[in-house]
Amino acid sequence: MIDLHTHSTASDGTLSPEALVDLAAEKGLTAIALTDHDTVAGVAAALGRGALRRVQVIPGVELGVDWNGPGQMHILGYNLRYQDAQLQERLTWLRKQRRERAGKIVTKLNTLGVGVSFERVEKIAGGHSIGRPHVARALLETGSVATLSEAFALYLAPGKPAYVHKQELGDEEAIQLVKACGGAAVLAHPTTLKLDAEALCRSVERLKSYGLRGLEVFWSGHSPEQVDDYQRLAYRLGLLPTGGSDFHGDNKPGIELGTGRNNNVQVPDWFLSAIAQSCPAMSAHAAQNGGVIPNPSRESICH
Ligand code: AMP
Ligand code: ZN
Ligand code: FE
Ligand code: FE
């Protein structure tokens, strides 16, 4: 099995890239993609450790995007030339937005009478890609909240008093950026778009017209019904099915590398070989390997 969605200390995971690869080796995973938010700073270390531990490491990234819709859209980039100058320039800009936003969040918290310092948040983030989980951890340290999820529920989630919007790339821009670096762009956790089946289908078709290559079918937050729906949507639209746990170590308790939440993530090796090949290879692989094929007896959610 493999895991195509993981985070390290380069963004908001709690394991270093090396420790993440070690854990993958211990769990018997043959490959992982490192998909930190807005940074590829952990990729070189993960690749080096992967060579030692015989775990294939796929250079990756996860980009938050601004789009015209109700929920959150994240685009995963796989197999990209991670040292590409244009990519580095855009990621540096995105991390600058993150840093500025973290400062605004801290200011809002202080206005609310919740004491937390930007220096501490920055220290927790380790100087790479700052995110709300780092602010949440600082709040936990000062005893302002009892758990990380309480920090989101009380302060950091959209609509809560310390929420600050983050400047992001547009959806087309994000997909084109991944493409321009030779990577495959994949829509992460489609459920977070918060669209009904028909609207999701239209949105994914639009993303495909920009060059989207795949759809994240397996994810820790997807129900079995959603896995089934997204699998059929991917097949129907000629997109690659992908999947991963979205492992963040202690920053997302209950999510295990490779297996997700209560074993709800099971990503077969052939998903990865399909990414490396063209889309038609997906059905061939599925047929050959007894892999995931949509149940033809059920109506596709895409009309
Ligand atoms: P950011 O990149 O700063 O927007 O923060 C996104 C990160 O916060 C993701 O890794 C999410 O897993 C995490 N996150 C978002 N909402 C929650 C929540 N309600 N509880 C815990 N973590 C969350
Ligand atoms: Zn994260
Ligand atoms: Fe995400
Ligand atoms: Fe993620």
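In every chain, residue numbers begin from 1 and rise along the written sequence. In the order they appear in the text, chains get letters beginning with A and ligands get numbers beginning with 1. The predicted nature of this model means local features are confined to residues of pLDDT at least 70 and side-chain atom pairs, given and counted, to a pLDDT of 80 or more, with totals for whole chains, interfaces and linings taken over all residues. Each side-chain value is worked out from all heavy atoms of the structure, with water and hydrogens disregarded.

Observations concerning the pattern of salt bridges
Put simply, a salt bridge is a Lys or Arg side-chain nitrogen that is within 4 Å of an Asp or Glu carboxyl oxygen. All told, the structure shown has 16 salt bridges when counted by the stated rule. Across the salt bridge formed by Arg202 and Glu198, the nearest N and O atoms sit 2.4 Å from each other. Taken together, the positions of Arg202 and Glu198, both in helix α8 (residues 197–210) and 4 residues apart, correspond to about one turn of that helix. Looking at Arg202, the relative accessible area reads 37%, which means it is partly exposed. Two residues, Arg232 and Asp229, come together in a salt bridge whose shortest N-O distance is 2.7 Å. Taken together, the positions of Arg232 and Asp229, both in helix α9 (residues 224–237) and 3 residues apart, correspond to about one turn of that helix. Across the pair, exposure class does not vary: Arg232 and Asp229 are buried alike. Taken together, the shared-partner salt bridges in this structure form one network comprising Asp22, Arg49 and Arg53. By definition, any uninterrupted DSSP run of H or I lasting at least four residues is a helix, any uninterrupted run of E lasting at least two residues is a strand, and each is numbered from the N terminus. Note on exposure labels: buried denotes an accessible area under 20% of the residue type's maximum, exposed denotes more than 50%, and partly exposed covers the range between, all computed with a 1.4 Å probe on protein chains only.

Digging into the coordination of the zinc ion (ligand 2)
Six octahedral donors around a metal ideally make angles of 90 or 180 degrees; four tetrahedral donors ideally make 109.5 degrees. Any N, O or S atom lying within 2.8 Å of the metal counts as a donor, and for Na, K and Ca the limit rises to 3.2 Å; water is left out, so some sites can look incomplete. Looking at the zinc ion (ligand 2), one finds its protein donor set to be Asp12 (OD), Asp12 (OD), His37 (NE2) and His248 (NE2), positioned 1.9 to 2.5 Å from the metal centre. Counting gaps between the donor residues of the zinc ion (ligand 2) yields the pattern D-x24-H-x210-H. For the pair the zinc ion (ligand 2) and the iron ion (ligand 4), the metal-to-metal distance amounts to 4.6 Å. Of this pair, Asp12 sits in the loop between β1 (2–6) and α1 (17–26) while His37 sits in the loop between β2 (31–34) and α2 (43–53), and the two are 25 residues apart along the sequence. Given a relative accessible area of 12%, His37 falls into the buried group.

A few points about the coordination of the iron ion (ligand 4)
For the iron ion (ligand 4), the protein coordination sphere consists of His5 (NE2), His7 (NE2), Glu62 (OE) and Asp246 (OD), at 2.1 to 2.2 Å. Here the iron ion (ligand 4) is ringed by 4 donor atoms whose angles at the metal span 79 to 165°, and the overall shape comes out irregular. Along the chain, the residues donating to the iron ion (ligand 4) fall in the pattern H-x1-H-x54-E-x183-D. Donor angles set the geometry label: tetrahedral for four donors if every angle is between 85 and 135 degrees, square planar for four and octahedral for six if opposite donors exceed 155 degrees and the others are between 65 and 115, irregular for anything else.

Quick look at the site of ligand 1
Taken together, Asp12, His37, Arg98, Arg101, Gly131, Arg132, Pro133, Ser149, Phe152, Lys166, His248 and Lys252 are the residues near ligand 1. Two N or O atoms form a polar contact when they lie within 3.5 Å of each other; inside protein one atom must be a possible hydrogen donor and the other a possible acceptor, and for residues adjacent in sequence the pair counts only when both atoms belong to side chains. Between His248 and ligand 1, the recorded distance is 2.9 Å, taken from a side-chain N or O atom to an oxygen atom. In this structure, Lys252 approaches ligand 1 through a side-chain N or O atom, which is 3.1 Å from an oxygen atom. Broken down by secondary-structure element, the contributors of at least two residues to the shell around ligand 1 are α3 (85–111), α5 (132–141) and α6 (148–156). Ten residue types, Ala, Val, Leu, Ile, Met, Phe, Trp, Tyr, Cys and Pro, are classed as nonpolar, four, Asp, Glu, Lys and Arg, as charged, and the remainder, Gly among them, as polar. Grouping the amino acids of the shell around ligand 1 by side-chain chemistry returns 2 nonpolar, 4 polar and 6 charged. Note on definitions. A residue lies near a molecule or strand when any single heavy atom of the residue is within 4 Å of it.

Notes on the packing of aromatic side chains
Stacked, edge-to-face and tilted are the three classes for Phe, Tyr and Trp ring pairs, Trp counted by its six-membered ring, which pair at centre distances within 6.5 Å; planes under 30 degrees apart are stacked, over 60 edge-to-face, the rest tilted. Under the criterion given, the structure shown has 2 aromatic pairs. Each ring, one from Phe218 and one from Phe271, has its centre 6.2 Å from the other, and the planes form 35°; the classification is tilted. Here Phe218, found in strand β7 (residues 214–218), pairs with Phe271, found in helix α10 (residues 270–276); they are 53 residues apart in sequence, far enough to count as distant. A residue is classified by how much of its surface remains accessible, and Phe218, at 11% relative accessible area, is buried. According to the relative accessible area criterion, Phe271 is buried, its value standing at 0%.

Brief notes about the environment of Glu119
Mapped onto the elements, Glu119 comes out in helix α4 (residues 118–125). Taking the C-alpha atoms as reference, Glu119 lies 22 Å from Leu154; in sequence the two are 35 residues apart.

Digging into helix α7 (residues 171–180)
For α7, every residue scored as buried is listed here: Asp171, Ala174, Ile175, Leu177 and Val178. All buried residues of α7 project into a common sector of 155° when viewed along the axis, lining one side. Within two residues after α7, Gly182 carries a phi angle of roughly 75°, on the positive side. Read the arc as the range of directions from the helix axis to the C-beta atoms.

A short note on the pairing of strand β8 (residues 240–243)
Burial along β8 is two-sided: the residues Leu240 and Thr242 and Pro241 and Gly243 are all buried. When DSSP finds two or more bridges between a pair of strands, those strands are recorded as paired. Pairing geometry for β7 and β8, over 4 bridges, is parallel. When the bridges of β8 are listed, Gly214 appears paired with Leu240. Handedness of the crossover joining β7 and β8 through α9: right-handed. If the strands point away from the viewer and the path from the first strand over the helix to the second runs clockwise, then the crossover is right-handed.

Looking at the nonpolar core
As used in this record, nonpolar core signifies buried Ala, Val, Leu, Ile, Met, Phe, Trp, Tyr and Cys residues forming a set joined through side-chain atoms within 4.5 Å. The biggest cluster of nonpolar side chains holds 66 residues, and the ones touching the most others in it are Ile75, Leu187, Val204 and Leu212. Among the nonpolar cores identified, the runner-up in size contains 21 residues, and Val106, Ala138, Val145 and Tyr155 belong to it.

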